[in-house]
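# Observations on the model geometry
Listed here are the chains, written in short residue letters.
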Amino acid sequence: VLATLGPELEQRLGPAVVQSVQVKRWRYAGPVTPHPERSVDVGRGTPIVLCGDAFGGPKVEGAFLSGLDAARRVVAGDPT
């Protein structure tokens, strides 16, 4: 994972220096009861949107789709 993502990260960080990197796989971590909506706006006028695998489903695809939904909300200013 680091070999693949490292060069991309360095390119995006510009002159920043990465001091330490760790990759963790939380084998038993996951939502017990996922929220039915892909994301939830809790900002009440500010762009604070909750998202992740607890909202879009307990797998990578669900977390990705949840993030997309959160981004759509923030960009559109749509609290629903």
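Residues numbered from 1 in each chain as written. Predicted model: local features only at pLDDT ≥ 70, side-chain atom pairs only at ≥ 80, totals over all residues. Heavy atoms only, no water.

Within the protein, the regular secondary structure consists of 3 helices and 2 strands. Secondary structure elements of the protein occur, N-terminal to C-terminal, as α-β-β-α-α. Whereas a compact globule of 80 residues would reach a radius of gyration of roughly 12 Å, the protein reaches 16 Å, over 25% beyond that. For the C-alpha atoms alone, the extent of the protein along its principal axes is close to 40 × 30 × 15 Å. Buried residues in the protein amount to 15% of all 80 residues. Within the protein, contacts between residues separated by at least 24 positions form 29% of all contacts whose residues are at least 6 apart in sequence. A total accessible area of about 6,700 Å² is found for the protein, and carbon and sulfur atoms account for 60% of it. (Helix = DSSP H or I, 4+ residues; strand = E, 2+ residues; numbered from the N terminus. Rg over C-alpha atoms; globule rule 2.2 N^0.38 Å. Buried < 20%, exposed > 50% of the residue type's maximum accessible area, 1.4 Å probe, protein only. Contact = heavy atoms within 4.5 Å. Areas by Shrake-Rupley, 256 points an atom, 1.4 Å probe, with all protein chains shown as cover.)

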